[in-house]
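Survey of secondary and tertiary structure
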Amino acid sequence: MDFLSRGMNLISIGVGAFGAVWIIWGIIVLATGLNETNGHSIRDGFLRAIAGALIVAAAAWLTQVDVSFA
């Protein structure tokens with residue numbers, strides 16, 4: 001069962017990295033929208049950064065899932 005545990009840790013790392021990239025991309029979009037005073041881009045960047053934070057939180061939760069089946 002150690003295989004499943006290591007698999008969940010690997011998935012958690014991948015999902016966390018994706019969430020971090022999503023946060024960074026959201027901040028870039030937000031900054032671009034603020035620079036151009038474009039309300040649509042500001043909203044999209046803010047929501048994208050929040051979504052990235054939720055993805056990172058989900059990745060942290062994945063490490064807490066018990067896959068021992070015992």
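Residues numbered from 1 in each chain as written. Predicted model: local features only at pLDDT ≥ 70, side-chain atom pairs only at ≥ 80, totals over all residues. Heavy atoms only, no water.

On to the overall build of the protein chain. Counting its regular elements, the protein chain contains 2 helices and 0 strands. Since a compact globule built from 70 residues should have a radius of gyration of about 11 Å, the 16 Å found for the protein chain marks it as more spread out than a globular shape. Structurally, the protein chain occupies a C-alpha span of about 55 × 15 × 10 Å along its principal axes. The buried share of the protein chain, taken over its 70 residues, is 20%. For the protein chain, restricting intrachain contacts to residue pairs at least 6 apart in sequence, the fraction spanning at least 24 positions comes to 67%. (Helix = DSSP H or I, 4+ residues; strand = E, 2+ residues; numbered from the N terminus. Rg over C-alpha atoms; globule rule 2.2 N^0.38 Å. Buried < 20%, exposed > 50% of the residue type's maximum accessible area, 1.4 Å probe, protein only. Contact = heavy atoms within 4.5 Å.)

On to the UniProt feature "transmembrane region" (unreviewed entry) in the protein chain, then. Following the UniProt record, the feature "transmembrane region" (unreviewed entry) maps to residues 12-34 and 46-64 here. Across residues 12-34, helical content stands at 100% and strand content at 0%; the span's end C-alpha atoms are separated by 33 Å. (UniProt positions renumbered as here; feature names shortened; annotations may be inferred.)

On to helix H2 (residues 39-62), then. Over its 24 residues, H2 runs 35 Å from end to end, which matches the ideal 34 Å to within 8%, given 1.5 Å per residue. By the N-cap criterion, in which a side-chain oxygen at the helix start approaches the backbone nitrogen of a residue two or three places on, H2 is capped by Asn-38, the distance to His-40 being 3.2 Å. (Expected span 1.5 Å × (residues − 1). Polar contact = N/O pair within 3.5 Å; in protein donor to acceptor, adjacent residues only side chain to side chain.)

Let us look at the environment of Ser-5. Positionally, Ser-5 belongs in helix H1 (residues 2-36). In this structure the C-alpha to C-alpha distance between Ser-5 and Ile-50, which are 45 residues apart in sequence, comes to 28 Å.

With that out of the way, let us pick up the side chain of Ser-41. Along the chain, Ser-41 falls in helix H2. Residue classification places Ser-41 among the buried residues on the basis of a relative accessible area of 18%. Sequence-distant contacts of Ser-41, that is, excluding residues within four places in its chain, are made with Val-29, Leu-30 and Gly-33.

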